[in-house]
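# Coordinate analysis (summary)
Residues per chain are reported as follows:
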Amino acid sequence: MTTLQIDPDELSGKRVLVTGGTKGMGEATVKRLRQAGAKVIATVRSKPNELQSPDLFIQSDISTPDGVKKVIEEVFARLDGVDILINNVGGSSAPSGGVLALSDDDWQQTFNANLFAAVTLQRSR
Ligand SMILES: NC(=O)c1ccc[n+]([C@@H]2O[C@H](COP(=O)([O-])OP(=O)(O)OC[C@H]3O[C@@H](n4cnc5c(N)ncnc54)[C@H](OP(=O)(O)O)[C@@H]3O)[C@@H](O)[C@H]2O)c1
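The following refers to the structure shown. Predicted, not measured: the structure shown is a model, and the values here were computed from it.

With that settled, the discussion passes to the nonpolar core. Counting residues in each nonpolar core, the largest one holds 22 residues, and the members touching the most others are Val16, Val18, Val40, Ile41 and Ala42. Elements with a minimum of two residues in this core: β1 (15-18), α1 (24-35), β2 (39-44), β3 (57-59), α2 (65-79) and α3 (104-124). Element by element, the count of residues in this core is highest for β2, at four residues. When residues no more than four places from it in sequence are discounted, the contact partners of valine 40 are Val16, Val18, Val30, Leu33, Arg34 and Leu56.

Surrounding the ligand, one finds 20 residues, the nearest of these being Gly20, Gly24, Arg45, Ser46 and Gly90. Elements with a contribution of two residues or more to the shell around the ligand: α1 and β2. Ranked by residue count, the leading element in the shell around the ligand is α1, at three residues.

Turning our eyes to something else, we now look at the packing of α2 against α3. Two elements in contact, α2 and α3, have axes whose closest approach is 10 Å; the angle formed by their N-to-C orientations is 25°. With respect to α3, the axis of α2 lies roughly parallel. Two packed elements cross with a definite hand, and for α2 against α3 that hand is right-handed. Facing α2, whose interface residues are Val68, Val71 and Ile72, α3 presents Ala117, Thr120, Leu121 and Ser124. Its residues assigned to classes, the contact of α2 with α3 comprises five nonpolar, two polar and no charged.

Procedures and definitions
- Residues numbered from 1 in each chain as written.
- Predicted model: local features only at pLDDT ≥ 70, side-chain atom pairs only at ≥ 80, totals over all residues.
- Core = buried A, V, L, I, M, F, W, Y, C linked by C-beta atoms within 7 Å.
- Buried ≥ 20, exposed ≤ 12 C-beta atoms within 10 Å, placed from the backbone.
- Helix = DSSP H or I, 4+ residues; strand = E, 2+ residues; numbered from the N terminus.
- Contact = placed C-beta atoms within 7 Å.
- Near = placed C-beta within 6 Å.
- Axes fitted to C-alpha atoms, helices over the stretch in contact; angles between N-to-C directions.
- Parallel < 35°, antiparallel > 145°, perpendicular 65-115°, else oblique.
- Left-handed = near helix turned anticlockwise from the far one by under 90°.
- Nonpolar A, V, L, I, M, F, W, Y, C, P; charged D, E, K, R; others polar.

Take a look at the structure:
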């Protein structure tokens, strides 16, 4: 098996924001970018566990406009800007039952999480 070589300075000095960084692909992305020397902050709704340094996370729900605003304010306060933005949060928690079963709130929350969070974060860079 080939071992992946990682240059620890590849992304040195780069400031990165990853939405959703404590599980799954977001967690793997955070780990990989940190190995390459980037300064990475990740968003998460739940409180980071005791092994996760709080200053590397922003606790906020980016499916709400206020949550995105909080992320922008905190990431600028901590990093003074972002060079790389990874919009990892996505999907939907809307109930099953087809398109007609969904309420306006279901649609709005899904668009907020999947589209408007990425648009607003991108604009703020
Ligand atoms: N897994 C798959 O098979 C698959 C397939 C196709 C596409 N995708 C897409 O790939 C992306 C990652 O999927 P995944 O399965 O790796 O995710 P995951 O394991 O469910 O992890 C999601 C991460 O995002 C955080 N998060 C979720 N909603 C958030 C919100 N509203 N605000 C802030 N943080 C939030 C979660 O932490 P908290 O829960 O604490 O907030 C967690 O750290 C998603 O966009 C998903 O739709 C996944």
